[in-house]
Amino acid sequence: MLRPGRNARARRGLRGAAAVALAALPDLAAAQDVPSGQPVAFVETIAEDMPEGLLLRYRYIAPEAGALSHRLRETDTAHLCARHALPDALGAGRPPARIVVSLAEAPVDFGVYDADVAQFFEAYRIKDSRCIWEAF
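Remember, it's a predicted structure, so these values are computed and weren't measured experimentally.

Student: Got a minute to help me understand the overall build of the protein chain in this structure?
Tutor: For the protein chain, the count of helices and strands is two helices and six strands. Along the protein chain, helices (α) and strands (β) appear in the sequence α-β-β-β-α-β-β-β when read from the amino end. A burial count over the protein chain gives 41% of its 136 residues as buried. Across the protein chain, the fraction of contacts at a sequence separation of at least 24, relative to all contacts at a separation of at least 6, is 59%. Carbon together with sulfur atoms contributes 54% to the accessible area of the protein chain, which is approximately 7,200 Å² in total.

Student: What's the story with the packing of aromatic side chains in this structure? I'm lost.
Tutor: The relative placement of two aromatic rings is captured by the distance of their centres and the angle of their planes. Under the criterion given, the structure shown has two aromatic pairs. Look at F42 and Y58: their rings are 5.9 Å apart centre to centre, the planes differ by 40°, and that puts the pair in the tilted class. You can see F42 sitting in strand β2 (residues 40-50) and its partner Y58 sitting in strand β3 (residues 53-61), a full 16 residues away along the chain. Across the pair, Y58 and F42 agree in class, each one buried. Linked through ring pairs, F42, Y58 and Y60 together constitute an aromatic cluster. The ring centre of F120 lies 3.8 Å from the NZ or CZ of R73, which sits over that ring.

Student: How do you make sense of the nonpolar core when you look at a structure like this?
Tutor: The tendency in soluble globular proteins is for nonpolar side chains to be buried side by side. Ranked by size, the top nonpolar core spans 19 residues in total, and within it Y58, Y60, L80, I99 and V101 carry the most contacts. For this core, the secondary-structure elements that each account for two or more residues are β2, β3, α2 (70-91), β4 (98-104) and β5 (119-127). Among the elements that take part in this core, α2 stands out by supplying five residues, more than any other. In this structure, Y60 is in contact with Q32, V40, A41, F42, V43, L80, H84, A85, V101, S102, L103 and A104, ignoring residues within four places of it in sequence.

Student: Quick question: what am I supposed to make of the pairing of β4 here?
Tutor: Successive side chains on a regular strand alternate, one facing one side of the sheet and the next facing the other. For β4, the buried fraction is high: six of the seven residues fall into the buried class. Both β3 and β4 contribute to a ladder of seven bridges, which runs parallel. What sits directly across from I61, in β4, is A104. Note that the unit made of β3, α2 and β4 has a crossover that is right-handed. Taken together, the seven bridges between β4 and β5 define a ladder with antiparallel strand orientation. Each residue of the ladder has a partner; that of S102, found in β5, is F121.

Rules used in this analysis
Residues numbered from 1 in each chain as written. Predicted model: local features only at pLDDT ≥ 70, side-chain atom pairs only at ≥ 80, totals over all residues. Heavy atoms only, no water. Helix = DSSP H or I, 4+ residues; strand = E, 2+ residues; numbered from the N terminus. Buried < 20%, exposed > 50% of the residue type's maximum accessible area, 1.4 Å probe, protein only. Contact = heavy atoms within 4.5 Å. Areas by Shrake-Rupley, 256 points an atom, 1.4 Å probe, with all protein chains shown as cover. Phe/Tyr/Trp six-rings, centres within 6.5 Å; stacked < 30°, edge-to-face > 60°. Lys NZ or Arg CZ within 6 Å of the ring centre and 35° of its normal. Core = buried A, V, L, I, M, F, W, Y, C linked by side-chain atoms within 4.5 Å. Pairing = 2+ DSSP bridges. Right-handed = clockwise from strand over helix to strand, strands pointing away.

Shown next, in the form of structure tokens:
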């Protein structure tokens, strides 16, 4: 389900333990199963029209993301793209050209830097209904 990019404001300031951060998210922010086993909750989708097509940013809270290896985070973001973001986008009837999956240790407003919160991003080109990782 596509959502406007400003609904994270109400959750700003949460910096508690993983269970507290995840419990503070609304019911629509369903927990996601990922290969690493870390707790991950969906926050929002931000849509942006680009010259090459629709870019969708899927934002998640993953309180343990900073403690994981790059390989595990990469596996989790690829899983989230393939198993959550892409099916959600296709189900909404707006096939994207690209999906960016972001993991943040705590809620942060879109586009805001917070030195206390680790944030990780991976970009995927969509081809033949598959997420293909792209370096950016």
